[in-house]
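Tertiary structure, described
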Amino acid sequence: MTHDESLRPQLARRSASELAAIWSTVHTPRLLLRRLRAEDGPAMFRVHGDPATYQYSPEGVHRSLASSEAMLRLCRHHWARHGFGYWAIELARDQTVIGFGGLEQQCWREHTVLNLYYRLTPSAWGHGYATEMARTALQLARDHLPQLPVIARIRTANLPSQQVALKIGLRRLPEELEEPGYYIFASEYSGW
C-alpha cells in the first residue's frame, strides 16, 4: 500500500466544516477563489446574465437578477451542506469577480460525482483563468475527496471548454456515456 492509498479512508471522512476550512479561500498565482457570499447576486448576474457567456447554450442565460440570486442560494446551500462548492473567481490583484466555478457534488448516471463548472465573463477569456481555477479544483478533489471522480459535461460545439478539460487531464468518456449535445469528460473512468 502506498502512502497516498493509506490516507484515502481518513480523507474520505472529513466533515463539511473541515472541508470548508480548506476550500473557502484558495489562492492561485493570479486568482482568489472564494466561497460565495449572499451579496454576490449582482456579480453573478453580470456573468450569467450576459448572453456572450452563453454562446454555446443561449437558453441558459439568466434573464433577471432574481434568476442569479436563485442560483446563488442553491450554490450557497451546497456549501453549507458539503463544505465546498462553486467559488466566486476574483483576480487576485484587484479582487474583481471575473466568473464562477469549482466543484459540486451531484448524482450522474446513479453515481456520486464532482461536477466541474466554470463560467467567466468574456473579458477574462483567453488568459488561462478557467484552466488555473479548474486545475486547482481538480487537485483539491484529488487531495481531499479522492473517492469521487470529477466530471465535466461540455457542449459538443464548445471547443474552448473542451480544451480546458483536456489541459487539466480529464479524458473524454466513451460515446455510449454521452448525452445528446454534450461530451462528458472525467478524471477517471472504471466502467461505472
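So, a few notes on the structure that sits alongside this text. (Residues numbered from 1 in each chain as written. Predicted model: local features only at pLDDT ≥ 70, side-chain atom pairs only at ≥ 80, totals over all residues. Heavy atoms only, no water.)

**Here's the deal with the layout of surface pockets**
The probe, sized like a water molecule, is rolled over the atoms to show the empty space still left. Estimated volume of the largest pocket: approximately 960 Å³. If you trace the largest pocket, you find 35 residues lining it, with Thr 53, Tyr 118, Arg 119, Asn 158 and Ser 161 closest to the centre. A per-element tally of the lining of the largest pocket places strand 5 (residues 111–120) first, with six residues. (1 Å grid on protein atoms, 1.4 Å probe; cavity = no way out; pocket = protein on both sides within 12 Å on 5 of 7 lines; lining within 4 Å. Points joined across faces, edges and corners; volume = space filled by probe spheres on them. Helix = DSSP H or I, 4+ residues; strand = E, 2+ residues; numbered from the N terminus.)

**Digging into the packing of aromatic side chains**
Within the structure shown, the criterion is met by three aromatic pairs. Relative to Trp 87, the ring of Trp 23 lies with its centre 5.8 Å away and its plane at 25 degrees, an arrangement referred to as stacked. Of this pair, Trp 23 sits in helix 2 (residues 16–23) while Trp 87 is found in strand 3 (residues 86–91), placing the two residues 64 residues apart along the sequence. For Trp 87, a relative accessible area of 0% gives the class buried. Here the aromatic cluster, defined as three or more aromatic residues joined through ring pairs, consists of Trp 23, Phe 84 and Trp 87. Directly above the ring of Tyr 183 sits Arg 172, whose terminal nitrogen or CZ lies 3.6 Å from the centroid. (Phe/Tyr/Trp six-rings, centres within 6.5 Å; stacked < 30°, edge-to-face > 60°. Buried < 20%, exposed > 50% of the residue type's maximum accessible area, 1.4 Å probe, protein only. Lys NZ or Arg CZ within 6 Å of the ring centre and 35° of its normal.)

**Focus on the pattern of salt bridges**
Inspection of the entire model under this criterion finds six salt bridges. Its salt-bridge partner being Arg 34, residue Glu 90 comes within 2.6 Å of it at the nearest N-O pair. Linking Glu 90 in strand 3 with Arg 34 in strand 2 (residues 31–35), this pair joins segments that are 56 residues apart in sequence. Its relative accessible area of 4% is what places Glu 90 among the buried residues. For the salt bridge of Glu 179 with Arg 153, the shortest nitrogen-to-oxygen distance reads 2.6 Å. With Glu 179 in the loop between strand 7 (171–172) and strand 8 (182–186) and Arg 153 in strand 6 (residues 150–155), the pair connects residues that are 26 residues apart, well separated along the chain. The partly exposed category is assigned to Arg 153, whose relative accessible area is 36%. Salt bridges sharing common partners tie together Arg 34, Asp 40 and Glu 90. (Salt bridge = Lys/Arg side-chain N within 4 Å of Asp/Glu carboxyl O.)

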